[in-house]
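Reading the structure
Letter by letter, the chains look like this.
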Amino acid sequence: MGQRRKVAAGNNPSSQRNSGVSAEAARVHSRKHNICMVSDFFYPNMGGVESHIYQLSQCLIEKGHKVVIVTHAYGRRKGVRYLTNGLKVYYLPLQVMYNQSTATTCFHSLPLMRCVFVRERITVVHAHSSFSAMAHDALFHAKTMGLNTVFTDHSLFGFADLSSVLTNKLLTVSLCDTNHIVCVSYTSKENTVLRAALDPEIVSVIPNAVDPTDFTPDPSQRQDDRITIVVISRLVYRKGIDLLGGIIPELCLKHPYLHFLIGGEGPKRIVLEEVREKYQLHDRVRLLGALEHKDVRGVLVQGHIFLNTSLTEAFCMAIVEGASCGLQVVSTRVGGIPEVLPEDLITLCEPTVRSLCAGLEAVIALQRSGNVPSPASIHARVRNLYTWRNVAERTEKVYDRVVGEQVLPLDRRLRRLRAHCGPVAGSIFAFVAVLDFLFLLLLQWLVPDGVMDLAVNATGPQQQWRQEKSNKNDCFVEDASRSF
Amino acid sequence: MEDEAFTDISGKPISLDCQSHSSFCREFIISSPKVSMGKVMVYTCSVWLLAYAVFFFTQNTAVLSGAILVTLVGMMLHIHFVKVDHESLLVIGSLGIQVSSSYASGREITTFIEMSKIKDIVINEAIYMHQIIYYLCVLLKDPSEPDAVSSVVPLFQSSKPRLNCLVKVYKSCQEILSKCQ
């Protein structure tokens, strides 16, 4: 690290020229970090983790930190891209193995990751999602390189089946020397602490957020002669689509004015189509297929009730979005869902068809009698519950704490691995850690840190990014040259 | 005119020579170091030693003559197709850009891009092997749609200078380009 800083000073005459200014600014900027977000999941792939990373990065940039994102190449999208406000995204050409997750060999990603960490002068590596092999790789390499690490877990896991036993073991190895872990709900924290055998002290809870201005109620879009139940989720097993398939015929038989509006795509779509076919409900159950994020609100405001049938969920964004649009929310009582909304805004049921039907019927009765709070009042209450600025503030505190901590040197890291992860797995991964360290030394000998060009800061304290509407890329490069 | 110490992306020294022919015509020549004698020796020796080892076990003299042939042909191909001695970029305002690279054998490849096709010259970032590097490139446009970039021509592809060198070339090029637009 010290060596790298010397190089930075030597390479950048402007830093010396402005040393008077920067010394003064150092006090203000001392708590600004250079953050690298790593995950396999990022745009153009769509989902909760992706939008979480994007929104969090934007808010951190707004607070004056430098943020870069590292993900794997999506099709022809590889190389370096810039998003709004100079958010830099590295699409690294690593092989995708399964479900948009990269293959991991623990080593092959080190040269590129090291290059990114060095040239961007990263101080904190923040990895996302335990499904992402790239995130674990990045944590592993960052620790080898002596950088502080943070990990955000977005999902819940079981303990019983073989695949989760294996993932849990990997998670234990990956997290045992990570500086700090962030979970999205208390249930998720409990789950992660148990799975990875962690000290609860280093696990924080920072919930997800929604953009309340995107999800505003609009009662005029509702049709008053009927009650519409909206379901928006990926149509997969985890989201309880089989339960939904049981609920639809039962309720539709009882209530002739009931309509279903289902947005999303997935392998379980066939279940819903079968139900629709069997009970001749084509006019009452509409399957909208995959929805883009911008269209979600348009669907939500057409409904009266939002139904979520998830079987496992760390933190359910969908119900917050539903409530923000002023809908009555009915959900299963699983995972972190009970913590998400205040009790009077949500009806919780057991994840069974009977319990969900009972819950829905109670809400339908309330809705028919008109005995429900107005959409505007629900929106007003939800609006300030989860904002990205709040999330960014809390994440910033985690970073502040983490940079003060010491990264374990290799010998202590090996001892920690052996002590924490059992004699067999611990020894294997200690060996892998040593190999990784040797590989790093080899790379440092082949391409010394000093030979790598430091990247021009697009965001952060010395940012070069200007907001100009016309040809953004050119203007960035021009600015870059001016600073040297 | 002036020779600052520049290096390429793997740390080898290169030299940048800027010649100002007139106020709107400049030439930049980046020269790589010559083929080092040591490197040639190492490659030749390793091929010959390998051939001798094979000869020792098979007692077939064709292996030895084959090795001599391989080293000779290899060296010729290397200086003719791989080793670039220097690359030059000639910018003439209002006329265009001429890019040429001359190989160690004396072979020269020259291309000319006329000004009406040039949109801009920029520094960009790319992933190259196991590194992320900066490079200078010419953005081309189709005269029919002047706002879109139709293709990109990377400059100094074989010498791959580092950012400080690129910035210098970039600034001089922009001076000329801005004058004629």
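Definitions and limits used
- Residues numbered from 1 in each chain as written.
- Chains lettered and ligands numbered in written order.
- Predicted model: local features only at pLDDT ≥ 70, side-chain atom pairs only at ≥ 80, totals over all residues.
- Heavy atoms only, no water.
- UniProt positions renumbered as here; feature names shortened; annotations may be inferred.
- Helix = DSSP H or I, 4+ residues; strand = E, 2+ residues; numbered from the N terminus.
- Buried < 20%, exposed > 50% of the residue type's maximum accessible area, 1.4 Å probe, protein only.
- Contact = heavy atoms within 4.5 Å.
- Areas by Shrake-Rupley, 256 points an atom, 1.4 Å probe, with all protein chains shown as cover.
- Salt bridge = Lys/Arg side-chain N within 4 Å of Asp/Glu carboxyl O.
- Pairing = 2+ DSSP bridges.
- Axes fitted to C-alpha atoms, helices over the stretch in contact; angles between N-to-C directions.
- Domains from an automatic or database assignment.
- Buried area = accessible area lost by both parts, 1.4 Å probe.
- Polar contact = N/O pair within 3.5 Å; in protein donor to acceptor, adjacent residues only side chain to side chain.
- Nonpolar A, V, L, I, M, F, W, Y, C, P; charged D, E, K, R; others polar.
- Right-handed = clockwise from strand over helix to strand, strands pointing away.
- Phe/Tyr/Trp six-rings, centres within 6.5 Å; stacked < 30°, edge-to-face > 60°.
- Lys NZ or Arg CZ within 6 Å of the ring centre and 35° of its normal.

Database annotation for chain B, UniProt heading Pathway (unreviewed entry): "Glycolipid biosynthesis; glycosylphosphatidylinositol-anchor biosynthesis."

Looking at an unreviewed UniProt entry, chain A carries the name Phosphatidylinositol N-acetylglucosaminyltransferase subunit A, with the source organism given as Oreochromis aureus. In the Pathway (unreviewed entry) part of its UniProt record, chain A is described as follows: "Glycolipid biosynthesis; glycosylphosphatidylinositol-anchor biosynthesis." Of chain A, the UniProt comment under Function (unreviewed entry) reads exactly: "Catalytic subunit of the glycosylphosphatidylinositol-N-acetylglucosaminyltransferase (GPI-GnT) complex that catalyzes the transfer of N-acetylglucosamine from UDP-N-acetylglucosamine to phosphatidylinositol and participates in the first step of GPI biosynthesis."

This next bit is on the overall build of chain A. When helices and strands are counted, chain A shows 19 helices and 16 strands. Each of the 484 residues in chain A was classed as buried or not, and the buried ones make up 56%. At a minimum sequence separation of 6, the contacts of chain A that also span at least 24 residues come to 72%. A total accessible area of about 21,100 Å² is found for chain A, and carbon and sulfur atoms account for 55% of it.

A separate point is the UniProt feature "domain: Glycosyl transferase family" (unreviewed entry) in chain A. UniProt tags residues 218–355 of chain A as "domain: Glycosyl transferase family" (unreviewed entry). Helix and strand shares over residues 218–355 of chain A are 34% and 22% respectively, and the end C-alpha atoms of the span are 30 Å apart.

Residues and elements named next belong to chain A. Per the stated rule, a full pass over the model turns up 24 salt bridges over all chains. Salt-bridge contacts for E120 lead to K66; the nearest nitrogen and oxygen are separated by 3.0 Å. Remark: K66 occurs in strand β2 (residues 66–72) and E120 occurs in the loop between α5 (110–119) and β7 (124–128); sequence separation between them is 54 residues. One exposure class covers both E120 and K66, and it is buried. Residue D153 pairs with R195 through a salt bridge whose shortest N-O separation is 3.5 Å.

What follows concerns the sheet that holds strand β7 (residues 118–128) of chain B. The antiparallel open sheet is built from 3 strands, whose spatial order is β7-β8-β9 (chain B). With partners counted over all chains shown, the strands left at the sheet margins are β7 and β9 (151–154) of chain B, one partner each. Each strand of the sheet is rotated relative to its neighbour by a mean of 40°, with strand direction disregarded. Relative to β9 of chain B, strand β8 (residues 131–140) of chain B runs antiparallel, the two being bridged by 4 bridges. Bridged to L140 of chain B within β9 of chain B is S151 of chain B. Its contacts with the sheet place α5 of chain A against β7 and β8 of chain B, and it is angled at close to 80° to β8 of chain B.

Now for the sheet that holds strand β8 (residues 148–153) of chain A. All names here are of chain A. Within the open sheet, the 8 strands sit side by side as β3-β4-β2-β1-β7-β8-β9-β10. Their pairing is mixed. This sheet does not close on itself; its edge strands, each paired only once, are β3 (79–83) and β10 (203–205). Between one strand and the next, the sheet's axes are offset by a mean angle of 25°, whatever the strand orientation. Contacting β1 (34–38), β7, β8, β9 (180–183) and β10, helix α16 (residues 388–404) crosses the sheet at an angle of about 145° to β8.

Further remarks concern the domain arrangement of chain B. Residue and element names in this part refer to chain B. Domain boundaries in chain B define domain 1 (6–35 + 83–179) and domain 2 (37–81). Here domain 1 and domain 2 have C-alpha centroids that lie 36 Å from each other. At the interface, 6 residues of domain 1 touch 6 residues of domain 2. Each partner contributes to the roughly 620 Å² buried at the junction of domain 1 and domain 2, and carbon and sulfur atoms together form 55% of this total. Summed over the shared surface of domain 1 and domain 2, the result is 0 salt bridges. At the boundary of domain 1 with domain 2, the tally comes to 5 residue pairs in polar contact (both at pLDDT 80 or more). Along the lines of polarity and charge, the residues of the side of domain 1 that touches domain 2 split into 3 nonpolar, 1 polar and 2 charged.

Looking now at the pairing of β8 of chain A. All names here are of chain A. The buried fraction of β8 amounts to 6 of the 6 residues, a majority that puts the element mostly inside the structure. By the alternation rule, side chains of β8 split into N148, V150 and T152 and T149, F151 and D153, which are all buried. In this structure, β7 lies alongside β8, joined through 5 bridges in parallel fashion. Bridging from a neighbouring strand, H128 pairs with T152 of β8. For the segment spanning β7, helix α6 (residues 133–144) and β8, crossover handedness is right-handed. Note that β8 and β9 share 4 bridges and pair parallel. Bridge pairing links V150 to H180 in β9.

Next up on the list: the interface of chain B and chain A. Each side of the interface is counted separately: chain B has 20 residues, and chain A has 28 residues. In this assembly, chain B packs against chain A so that about 2,000 Å² is buried in total across both faces, 57% of it on carbon and sulfur atoms. Seen at the junction of chain B and chain A, the total is 8 residue pairs in polar contact (both at pLDDT 80 or more). Those elements giving two or more residues to the side of chain B that touches chain A turn out to be β7, β8 and α3 (163–179) of chain B. If you tally residues by element for the side of chain B that touches chain A, the top one is β7 of chain B, at 5 residues.

So, on to the UniProt feature "transmembrane region" (unreviewed entry) in chain B. Residues and elements named next belong to chain B. As annotated in UniProt, the feature "transmembrane region" (unreviewed entry) corresponds to residues 40–57 and 63–82 in the numbering used here. Helix makes up 100% of residues 40–57 and strand makes up 0%, while its end C-alpha atoms are separated by 26 Å. Between the C-alpha atoms that bound residues 63–82 the distance is 26 Å, and the span itself is 100% helix and 0% strand.

Here we come to the packing of aromatic side chains. Residues and elements named next belong to chain A. Going through the model one piece at a time under the given rule, you end up with 6 aromatic pairs over all chains. For the pair F42 and Y43, a centre-to-centre distance of 5.2 Å together with 40° between the ring planes defines the contact as tilted. For Y43, a relative accessible area of 22% corresponds to the partly exposed category. Ring centres of Y43 and Y54 lie 5.5 Å apart, and the angle between their planes is 55°; on these two criteria the pair is classed as tilted. Pair noted here: Y43 is in the loop between β1 and α4 (48–62) and Y54 is in helix α4, with a separation of 11 residues, a long-range link. Each residue in the set F42, Y43 and Y54 is aromatic and connected to the rest through ring pairs, giving one cluster. Looking at R368, its charged tip hangs above the ring of Y257, at a distance of 3.9 Å from the centre. Over the aromatic face of F140 sits the side chain of R413, whose NZ or CZ is 4.9 Å from the ring centroid.

What follows deals with the pairing of strand β5 (residues 96–103) of chain B. All names here are of chain B. Counting buried positions along β5 gives 7 out of 8 residues, so the element sits mostly inside the fold. Here strand β4 (residues 84–92) runs beside β5; their pairing, made up of 8 bridges, is antiparallel. Within β5, the residue paired with V84 across the bridge is Y103. Judged from the 7 bridges that link them, β5 and strand β6 (residues 108–114) form a sheet pairing that is antiparallel. Residue pairing for β6: S100 is matched across the bridge by T110. Taking the residues between adjacent antiparallel strands as the criterion, β5 and β6 are bridged by 4 residues, where G106 takes a positive phi near 105°.

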